[in-house]
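Descriptive structure summary
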Amino acid sequence: MHIFITGVSKGLGKEFVEYFLAEGHLVTGIGRSHAFDHPKFTFIHCDLANVNEVKSIQFESKENELVLINNAGLIGKIKRISDQIESDIQEVMTVNTIAPMILCQEFLRQTHLENKLTIINISSGAANRPIPSWAAYCSSKIAMDRFSETIYLEEQEKGRNIKVFSVAPGVIDTSMQEKIRATKKVDFSSVDNFIGFHEQGELLSPEFVVSKLVKLLQKKESNPVISNLKDLE
Ligand SMILES: NC(=O)c1ccc[n+]([C@@H]2O[C@H](COP(=O)([O-])OP(=O)(O)OC[C@H]3O[C@@H](n4cnc5c(N)ncnc54)[C@H](OP(=O)(O)O)[C@@H]3O)[C@@H](O)[C@H]2O)c1
């Protein structure tokens, strides 16, 4: 199996890479930086906010079973949309939505119909409800849910051996949550909820989340949108 995964410098993506390398798989990280030094790890440098760089990515592999994990993402500026500038919206939508869509497109184009393919798009619970001050983030994630459902049907029509998932991983103890907790209440009305999750020890560890998400690779059927890790029991 060969796993291509975005955003491997920290957080969930770094944890995924550690898991897959420990399992003996080939891993290609895609992103701006990484700290891996392993014979089975290769890296493609790419700023996912730059569409031209994203389009140039090559999914080269001798393996038959290939996995694409669109993990990289950002919450962006945590402010009401009227307090943001246009480039704030553009960055979130490009990294969280346009780049993963293009990577899915290139992955499907560059691989063979006979390859066994799995696509895992890391979505968010924010896809399922509006959260003031996260307008672009919520929108970027729900777009990936519907995109995943649609491309799964498209590839079924072509008779391809594929599974596609868009999965909300829960609230995880990463730098994204640190940024959320550090936001001023004047900009983010729900900040106390996130401070509370942290204080009450409710954040999931990246290790725990990866141990659940890798079960997607064993699933026989594709059920593209998974909004709760409990659905992976
Ligand atoms: N943490 C949570 O509670 C939570 C909840 C629901 C969903 N998620 C989703 O889970 C995924 C992983 O998030 P995380 O919590 O692990 O966040 P994180 O610790 O902030 O890591 C984000 C990763 O995305 C990469 N990235 C961001 N912008 C990039 C760009 N322009 N080009 C290339 N790489 C870029 C970062 O690389 P750099 O080091 O280069 O910035 C980093 O490797 C995201 O899609 C996020 O939306 C997280």
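Residues numbered from 1 in each chain as written. Predicted model: local features only at pLDDT ≥ 70, side-chain atom pairs only at ≥ 80, totals over all residues. Heavy atoms only, no water.

The terminal C-alpha atoms of helix 4 (residues 135-157), which comprises 23 residues, lie 34 Å apart, in line with the 33 Å expected from a rise of 1.5 Å per residue. All of the buried residues along helix 4 are Ala136, Tyr137, Cys138, Ser140, Lys141, Met144, Asp145, Phe147, Ser148, Ile151, Tyr152 and Glu155. Of the surrounding secondary structure, the elements contacted by the buried residues of helix 4 are helix 3 (86-110), strand 5 (116-122), strand 6 (162-167), helix 5 (175-181) and strand 7 (225-226). Of the residues trailing helix 4, Gly159 is marked for its positive phi of about 75°. (Helix = DSSP H or I, 4+ residues; strand = E, 2+ residues; numbered from the N terminus. Expected span 1.5 Å × (residues − 1). Buried < 20%, exposed > 50% of the residue type's maximum accessible area, 1.4 Å probe, protein only. Contact = heavy atoms within 4.5 Å.)

Relative to the helices and strands, Thr42 is located in strand 3 (residues 41-45). Placed 25 residues apart in sequence, Thr42 and Val17 show a C-alpha to C-alpha distance of 11 Å. Not counting chain neighbours up to four residues away, the residues in contact with Thr42 comprise Val27, Thr28 and Gly29.

Before going further, it helps to examine the pattern of salt bridges. Applying the stated criterion across every chain, the model contains 9 salt bridges. Among the ionic pairs, Arg109 bridges to Glu106, the shortest N-O distance being 3.4 Å. Remark: Glu106 and Arg109 occur in helix 3; sequence separation between them is 3 residues, near one turn of the helix. With relative accessibility at 12%, the residue Glu106 sits in the buried group. It is possible to trace a salt-bridge network through shared partners that takes in Glu155, Lys158 and Arg160. (Salt bridge = Lys/Arg side-chain N within 4 Å of Asp/Glu carboxyl O.)

Next up on the list: the sheet that holds strand 3. One open sheet holds the 7 strands; their spatial order is 3-2-1-4-5-6-7, and the pairing between them is parallel. The sheet is open, and its two borders are formed by strand 3 and strand 7, each paired with just one other strand. In the packing of helix 1 (residues 11-22) onto the sheet, contacts are made with strand 1 (2-6), strand 2 (26-31), strand 3, strand 4 (65-70) and strand 5, and the angle to strand 1 comes to roughly 165°. Against the sheet, helix 4 engages strand 5, strand 6 and strand 7, with an angle of about 170° to strand 6. (Pairing = 2+ DSSP bridges. Axes fitted to C-alpha atoms, helices over the stretch in contact; angles between N-to-C directions.)

We now examine the packing of aromatic side chains. Counted by the stated rule, this structure contains 11 aromatic pairs. With a centroid separation of 5.8 Å and 5° between ring planes, the pair formed by Phe16 and Phe20 is classed as stacked. In this pair, Phe16 and Phe20 both sit in helix 1, 4 residues apart, roughly one turn of the helix. Given a relative accessible area of 1%, Phe16 falls into the buried group. Taking relative accessible area as the criterion, Phe20 reaches 1% and is therefore assigned buried. By the ring-pair criterion, three or more aromatic residues cluster together here, those being Trp134, Tyr137, Phe188, Phe194 and Phe197. (Phe/Tyr/Trp six-rings, centres within 6.5 Å; stacked < 30°, edge-to-face > 60°.)

Within the structure, the ligand sits among 29 residues, and Ser9, Arg32, Asn71, Tyr137 and Thr174 are positioned closest to it. The side chain of Thr174 places a nitrogen or oxygen atom 2.5 Å from an oxygen atom of the ligand. Within the contact set of the ligand, an oxygen atom lies 3.1 Å away from a side-chain nitrogen or oxygen of Ser175. For the ligand, whose accessible area on its own is 890 Å², the fraction buried by protein is 92%. For the shell around the ligand, the secondary-structure elements that each account for two or more residues are helix 1, helix 4 and helix 5. (Near = heavy atom within 4 Å. Polar contact = N/O pair within 3.5 Å; in protein donor to acceptor, adjacent residues only side chain to side chain. Areas by Shrake-Rupley, 256 points an atom, 1.4 Å probe, with all protein chains shown as cover.)

A few words on empty space enclosed by the protein. Inspection of the entire model under this criterion finds 2 cavities of 30 Å³ or more. Of the pockets and cavities examined, the largest cavity occupies roughly 70 Å³. What lines the largest cavity is a set of 13 residues, and nearest its centre among them are Lys77, Gln84, Ser133, Ala135 and Ala136. Looking at the lining of the largest cavity, the element that brings in the most residues is helix 4, giving 3 residues. Class assignment of the residues belonging to the lining of the largest cavity gives a composition of 7 nonpolar, 3 polar and 3 charged. Of the voids in this model, the second largest cavity is the one considered here, and its volume is about 30 Å³. Taken together, Asn70, Ala72, Asn96, Pro100, Asn121, Ile122, Lys141 and Met144 form the lining of the second largest cavity. Going through the elements one at a time, helix 3, strand 5 and helix 4 are the ones with two or more residues in the lining of the second largest cavity. In the lining of the second largest cavity, the residues fall into 4 nonpolar, 3 polar and 1 charged. (1 Å grid on protein atoms, 1.4 Å probe; cavity = no way out; pocket = protein on both sides within 12 Å on 5 of 7 lines; lining within 4 Å. Points joined across faces, edges and corners; volume = space filled by probe spheres on them. Nonpolar A, V, L, I, M, F, W, Y, C, P; charged D, E, K, R; others polar.)

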